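Each chain is listed here by its residues.
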Amino acid sequence: APDLGGAGTLRAGERAPALSPPPAGDGYWIFTSTGRAVPVGTATFLGDLSDVALNGPVLDAVATPSGLGYYLVASDGGVFAFGDAVFVGSMGGLPLNAPVRSLAPDPDGRGYWLVSSEGGVFAFEAPFVGSMGGRPLNAPMVGIVSRGDGYTTVASDGGVFSFGAPFLGSLGASGSARPIVAISPVG
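Residues numbered from 1 in each chain as written. Predicted model: local features only at pLDDT ≥ 70, side-chain atom pairs only at ≥ 80, totals over all residues. Heavy atoms only, no water.

Draft legend 1. Structural view of the packing of aromatic side chains. This structure, assessed with the given rule, holds eight aromatic pairs. Centre to centre, the rings of Phe31 and Tyr70 are 5.0 Å apart; their planes meet at 65 degrees, and the pair counts as edge-to-face. A residue pair is termed long-range when its members are at least 10 positions apart, and Phe31 in strand 2 (residues 27-31) and Tyr70 in strand 5 (residues 69-74) qualify at 39 residues. Here a set of aromatic residues connected by ring pairs shows up, and it is made of Trp29, Phe31, Tyr70 and Phe82. (Phe/Tyr/Trp six-rings, centres within 6.5 Å; stacked < 30°, edge-to-face > 60°. Helix = DSSP H or I, 4+ residues; strand = E, 2+ residues; numbered from the N terminus.)

Draft legend 2. Layout of the sheet that holds strand 9 (residues 121-124). With respect to topology, three strands assemble into an open sheet ordered 7-8-9, the strand pairing being antiparallel. Each of the sheet's edge strands pairs with one partner strand only, and the pair in question is strand 7 (100-105) and strand 9. Taken over all neighbouring pairs, the strand axes of this sheet differ in orientation by 20 degrees on average, direction set aside. (Pairing = 2+ DSSP bridges. Axes fitted to C-alpha atoms, helices over the stretch in contact; angles between N-to-C directions.)

Draft legend 3. Looking closely at the pattern of salt bridges. Considering all chains together, one arrives at two salt bridges under this definition. Close ionic contact of Arg36 with Glu14 constitutes a salt bridge, the shortest N to O distance being 2.8 Å. Separated by 22 residues along the polypeptide, Arg36 in the loop between strand 2 and strand 3 (37-41) and Glu14 in the segment before strand 1 (18-20) bring together distant segments of the chain. Taken individually, Arg36 and Glu14 each receive the classification buried, so the pair is uniform in this respect. (Salt bridge = Lys/Arg side-chain N within 4 Å of Asp/Glu carboxyl O. Buried < 20%, exposed > 50% of the residue type's maximum accessible area, 1.4 Å probe, protein only.)

Draft legend 4. Structural context of the layout of surface pockets. Reported here for the largest pocket is a volume of approximately 880 Å³. Its residues assigned to classes, the lining of the largest pocket comprises 24 nonpolar, seven polar and three charged. (1 Å grid on protein atoms, 1.4 Å probe; cavity = no way out; pocket = protein on both sides within 12 Å on 5 of 7 lines; lining within 4 Å. Points joined across faces, edges and corners; volume = space filled by probe spheres on them. Nonpolar A, V, L, I, M, F, W, Y, C, P; charged D, E, K, R; others polar.)

Draft legend 5. Focus on the side chain of Glu14. What makes Glu14 buried here is its relative accessible area of 11%. Here Thr34 takes part through its side chain, which lies 2.5 Å from a polar atom of the side chain of Glu14. Of the polar contacts made by the side chain of Glu14, one reaches the side chain of Arg36; its length is 2.8 Å. Ignoring any residue separated from it by four or fewer positions in sequence, one finds Glu14 in contact with Thr9, Thr32, Ser33, Thr34 and Arg36. (Polar contact = N/O pair within 3.5 Å; in protein donor to acceptor, adjacent residues only side chain to side chain. Contact = heavy atoms within 4.5 Å.)

Draft legend 6. Summary view of the sheet that holds strand 11 (residues 150-155). Read across the sheet, three strands follow the order 10-11-12 without closing on themselves; strand pairing throughout is antiparallel. Two strands in the sheet have a free side with no partner beyond their single neighbour: strand 10 (141-147) and strand 12 (160-163). Geometrically, the sheet is characterised by an average inter-axis angle of 20 degrees between neighbouring strands, direction not taken into account.

Here's what the structure looks like:
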């Protein structure tokens, strides 16, 4: 993938927890912890949270299946939809056992899943097919992607957990030299 730049656009105190490409074209969005969306290359600006006081940092953001929108999710479970992304609910303002870490859009474009660091999955207009919530984990959950008729989550030690999707393997037993920070869908 070509490096089209954009990292120099970070402001003091910002991190870039997510980068997401639209399905076609040479570009991507860089999403910051403060909720800014920075379009690079052919990605277009569809809005962001620059002027919003957030209850927690943005920890993940992802393009919609069409690539004509994107979702941002904050640690308090707040979900923010831009472009053709459809807001169907969030955990914002509700009690959580742990911060929400990641969001995965349902491939049908009508819903999404959230995963918290303790493994709980929250489904919004998408089928709930299980979670690790309430079960002991060796490391915090850091990501979720949709796969097949379900989703797969990953923990920072490389442990992979599939729900309604084929299990293809895990680094959990052998560990990883560095913490895993995200999971990416295949193809």
